[in-house]
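What follows is each chain in one-letter form.
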Amino acid sequence: MHDHHHDPSQCDHDHGPKHIYIYSPSSAVRDKAAFKRGIARLKAQGHEVEVDVDALATHTRFAGDDATRLAAIHRAAASGADVALISRGGYGLTRILPGVRYKAVAKAIEKGTHFVGVSDFTAFQLAVLAKTGATTWAGPSLGADFGVEGAPDDIMEACFDDLLTGHGEGTGWRMHKQKQKPHATTGKPAVPNVYVKSATLWGGNLAVLASLVGTPYFPQVKGGVLFVEDVHEHPYRVERMLTQLLHAGVLAQQKAVVLGQFTNFKLAPHDKGYKLQSVVDWLRTQIKAPVLTNLPFGHVETKVLLPVGATVSLSVEERDALIYWGHQH
């Protein structure tokens, strides 16, 4: 549902080159070729790409020790860039959350820097939301998305361009067909037509999100739209993490739960029919809020950009879902 056929001469948005700051707050960059391809690609699009001095640092599995990565985050915040884009995810942010200067990050966001990332970056995004209420963007990373061999995904690039030019207003998608089986206990449609107005959009990687429950870095969002995705997590593990959110009272406070892409897992013979759809069917018996599926976001090539912490509207008509946030300037 993206409309990219606007005429730049007819609008008041800035279509000029942008300043993009690349930094590494999590795991060390191992695929240097993808890192270089990503930078070259963004430069080829006319952007000014500034690479953090420690973007390729290593300390065991991390992109530098804790102090090095904290300094990189604070340089990104002080850069004045239009976009601060992570080189990659992995693991590393949760352990340095107490050292982040959240006021400086919020000030940078207020001045127009968009912090963009995925995966482990969820920890930073939720902490920023919990501490300041500021909006960050769930979206691509440099290496895995812009640094792919061949052409990057066109939907991901179009959504990123929307962010850069101020055109992003929302995202629409189609849910899976089989998800429309009637609700197991009520016999009603699994996903009724839904309209939610003025709800906080939040979420990200499910494993990272669940790991923050009970900490000061977990936002207390009531009446929100929660989206989650994950990779390398078997359906029973996905269910276990959702159960944690359920028992912690988080899911009962949401107006909708939106499942993105859950990829790169292998079912075992002893699952005997227990699959990701089993988890979805179970979750729908546990909460009153609608459980939506197939959001194009996760550890996949085709990913949309989502404003974490922004106020959105959500509508569902049969299989068609739309999250709308209007212009976020």
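**Things to note about the overall build of the protein**
Here's step 1: Each helix and strand counted, the protein has nine helices and 13 strands in total.
Here's step 2: Rg of the C-alpha trace for the protein: 19 Å, near the compact-globule value of 20 Å for 329 residues, within the 12% margin.
Here's step 3: Taking the principal axes of its C-alpha atoms as reference, the protein extends roughly 55 × 50 × 40 Å.
Here's step 4: Put simply, the protein has 329 residues, and 56% of those count as buried.
Here's step 5: Partitioning the intrachain contacts of the protein with sequence separation of at least 6 by distance along the chain shows that 80% fall at a separation of at least 24.
Here's step 6: Accessible surface computed for the protein: about 14,600 Å², of which carbon and sulfur atoms make up 51%.
Here's step 7: Of the side-chain charges in the protein, 34 are positive and 32 negative, and the distance between the mean point of each set is 9 Å.

**Things to note about empty space enclosed by the protein**
Here's step 1: Taken as a whole, this structure holds two cavities of 30 Å³ or more when the rule is applied.
Here's step 2: In this structure, the largest cavity occupies an estimated 70 Å³ of space.
Here's step 3: Lining the largest cavity are eleven residues, and of these Cys159, Asp162, Gly168, Leu305 and Trp325 sit closest to its centre.
Here's step 4: Residue composition of the lining of the largest cavity, grouped by class: six nonpolar, four polar and one charged.

**Focus: the sheet that holds strand E11 (residues 306-308)**
Here's step 1: With mixed pairing, six strands are arranged side by side in an open sheet as E2-E1-E3-E4-E5-E11. Looking at the sheet topology across the chains shown, the edges are occupied by strand E2 (48-51) and E11. Across the sheet, the mean angle from the axis of one strand to that of its neighbour is 30°, orientation sign disregarded.
Here's step 2: Here helix H2 (residues 66-78) sits on the sheet in contact with strand E1 (19-23), strand E3 (83-86) and strand E4 (114-117), set at roughly 175° to E1.

**With respect to the packing of helix H8 (residues 235-247) against helix H9 (residues 276-286)**
Here's step 1: Two numbers describe how H8 lies on H9: the axes approach to 9 Å, and their chain directions differ by 20°. Taken together, the axes of H8 and H9 lie roughly parallel to each other. In the packing of H8 onto H9, the handedness of the crossing is right-handed. Contacts between H8 and H9 involve Pro235, Val238, Glu239, Leu242, Thr243 and Leu246 from the first element and Leu276, Val279, Trp282, Leu283 and Gln286 from the second.

**Digging into the packing of helix H3 (residues 102-110) against helix H4 (residues 121-132)**
Here's step 1: One can describe the packing of H3 onto H4 by two numbers: an axis separation of 10 Å at closest approach and a directional angle of 95°. When the interaxial angle is binned, H3 and H4 end up roughly perpendicular. Together, Tyr102, Val105, Ala106 and Ile109 of H3 and Phe124, Ala127, Val128, Lys131 and Thr132 of H4 make up the contact between the two elements.
Here's step 2: Tallied by class, residues from the contact of H3 with H4 come to seven nonpolar, one polar and one charged.

**Thoughts on the sheet that holds strand E9 (residues 254-263)**
Here's step 1: The strand order across the open sheet built from seven strands is E6-E13-E12-E7-E8-E9-E10, with neighbouring strands paired in mixed fashion. Both edges of this open sheet fall to strand E6 (170-174) and strand E10 (291-292), since each of them pairs with a single strand only.
Here's step 2: Of the strand pairs in this sheet, strand E12 (residues 311-317) and strand E13 (residues 320-324) are connected by five bridges, and their pairing is antiparallel. Pairing of Leu314 across the sheet is with Ile323, part of E13.

**A look at the pairing of strand E7 (residues 194-205)**
Here's step 1: Across five bridges, E7 lies against E12 in antiparallel orientation. Its bridge partner being in E12, Ala199 is matched across the sheet by Val312.

**A few points about the packing of aromatic side chains**
Here's step 1: The full count for this structure, using the stated rule, is nine aromatic pairs.
Here's step 2: Ring geometry for Phe121 against Phe124: centres 5.0 Å apart, planes inclined by 25°, an arrangement best described as stacked. Within this pair, Phe121 and its partner Phe124 are both found in helix H4, separated by three residues, close to a single helical turn. By the burial criterion, Phe121 is buried, and Phe124 matches it.
Here's step 3: Taken together, the aromatic side chains of Phe115, Phe121 and Phe124 make up a single cluster linked through ring pairs.

Calculation notes
Residues numbered from 1 in each chain as written. Predicted model: local features only at pLDDT ≥ 70, side-chain atom pairs only at ≥ 80, totals over all residues. Heavy atoms only, no water. Helix = DSSP H or I, 4+ residues; strand = E, 2+ residues; numbered from the N terminus. Rg over C-alpha atoms; globule rule 2.2 N^0.38 Å. Buried < 20%, exposed > 50% of the residue type's maximum accessible area, 1.4 Å probe, protein only. Contact = heavy atoms within 4.5 Å. Areas by Shrake-Rupley, 256 points an atom, 1.4 Å probe, with all protein chains shown as cover. Lys, Arg positive; Asp, Glu negative; His and termini not counted. Charge placed at Lys NZ, Arg CZ, Asp CG, Glu CD. 1 Å grid on protein atoms, 1.4 Å probe; cavity = no way out; pocket = protein on both sides within 12 Å on 5 of 7 lines; lining within 4 Å. Points joined across faces, edges and corners; volume = space filled by probe spheres on them. Nonpolar A, V, L, I, M, F, W, Y, C, P; charged D, E, K, R; others polar. Pairing = 2+ DSSP bridges. Axes fitted to C-alpha atoms, helices over the stretch in contact; angles between N-to-C directions. Parallel < 35°, antiparallel > 145°, perpendicular 65-115°, else oblique. Left-handed = near helix turned anticlockwise from the far one by under 90°. Phe/Tyr/Trp six-rings, centres within 6.5 Å; stacked < 30°, edge-to-face > 60°.

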